[in-house]
Amino acid sequence: MEEAFLTPNPYSRPQDALSTVTQLYVHYTANPGTSARQNRDYFEGLAQTGLTSASAHFVIGYEGEIVQCIPLNEMAYAVIGENDHSISIECCYLDQDGKFTDATYQSLLKLLGWLMEEYNLDVSDVKRHYDAGGKLCPLYYAEHEDAWEQLKQDLSDYISGEKV
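Residues numbered from 1 in each chain as written. Predicted model: local features only at pLDDT ≥ 70, side-chain atom pairs only at ≥ 80, totals over all residues. Heavy atoms only, no water.

## Focus: the overall build of the protein
Piece 1. Helix and strand counts for the protein stand at four helices and six strands.
Piece 2. Taken from N to C terminus, the helices and strands of the protein fall in the order β-β-α-β-β-β-α-β-α-α.
Piece 3. Expected size for 164 residues packed as a compact globule is a radius of gyration near 15 Å; at 15 Å, the protein falls within 12% of this value.
Piece 4. In terms of overall dimensions, the protein has a C-alpha envelope of 45 × 35 × 30 Å along the principal axes.
Piece 5. Of all 164 residues assigned to the protein, the portion counted as buried reaches 51%.
Piece 6. Sequence separation of 24 or more characterises 73% of the internal contacts of the protein that already satisfy a separation of 6 or more.
Piece 7. For the protein, the computed accessible surface area is about 7,700 Å², with 45% contributed by carbon and sulfur atoms.
Piece 8. For the protein, the separation between the mean place of its 10 positive charges and that of its 26 negative charges on side chains is 2 Å. (Helix = DSSP H or I, 4+ residues; strand = E, 2+ residues; numbered from the N terminus. Rg over C-alpha atoms; globule rule 2.2 N^0.38 Å. Buried < 20%, exposed > 50% of the residue type's maximum accessible area, 1.4 Å probe, protein only. Contact = heavy atoms within 4.5 Å. Areas by Shrake-Rupley, 256 points an atom, 1.4 Å probe, with all protein chains shown as cover. Lys, Arg positive; Asp, Glu negative; His and termini not counted. Charge placed at Lys NZ, Arg CZ, Asp CG, Glu CD.)

## Considerations on the sheet that holds strand 4 (residues 66–68)
Piece 1. With respect to topology, six strands assemble into an open sheet ordered 1-4-3-5-2-6, the strand pairing being mixed. Across the chains shown, the open sheet's two edge strands, defined by having one partner strand only, are strand 1 (2–3) and strand 6 (126–128).
Piece 2. Where strand 2 (residues 23–28) meets strand 5 (residues 86–91), six bridges bridge the pair, whose relative direction is parallel. Along strand 5, the bridge assignment pairs Tyr25 with Ser88.
Piece 3. Where helix 2 (residues 102–119) meets the sheet, it contacts strand 2, strand 3 (58–60), strand 4, strand 5 and strand 6, and its direction lies at approximately 170° from that of strand 5.
Piece 4. Running at roughly 160° to strand 6, helix 4 (residues 145–159) makes contact with strand 2 and strand 6 of the sheet. (Pairing = 2+ DSSP bridges. Axes fitted to C-alpha atoms, helices over the stretch in contact; angles between N-to-C directions.)

## Description of the side chain of Glu82
Piece 1. Summarising the element assignment, Glu82 is placed in the loop between strand 4 and strand 5.
Piece 2. Here Glu82 is buried and forms no salt bridge, its nearest opposite-charge partner Lys127 lying at an N-O distance of 8.6 Å.
Piece 3. In terms of polar contacts, Glu82 uses its side chain to reach the side chain of His85, at 2.8 Å.
Piece 4. Excluding anything up to four places from it in sequence, Glu82 contacts Gln23, Tyr25 and Ala132. (Salt bridge = Lys/Arg side-chain N within 4 Å of Asp/Glu carboxyl O. Polar contact = N/O pair within 3.5 Å; in protein donor to acceptor, adjacent residues only side chain to side chain.)

Shown next, in the form of structure tokens:
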């Protein structure tokens, strides 16, 4: 994991304290073929452009690399109404359908498992952005409920030590 914290700014790293962590949100970057570092740098660039307010604690690349953008004691701008009590993970992908590569998927399982242990959370505390307002994010898992249920099962198996 690479720690590449965003520069404090009002658009992507407001430095507001994260009150508590009760949920973990999974997202997709909505721009196929871009790397974790490119997405991190997009968040960084919002400090200059001011186009929107957006960020995530982590970005997982399609080769499985993980970049941390926001410290875990600070809020990210990722899910309206949920930011003050959640950690968000953006996932890169290659194809228009939004399906994660196996490397991204495996890194996501490991990161979620670690975060669940750190914050004493359950699989039911892992959500899609879609679950908080209906935004089609992450696209593949919003459009394929069975795939989302499989991800949660794989996460349960991972936590219990079964090979996924």
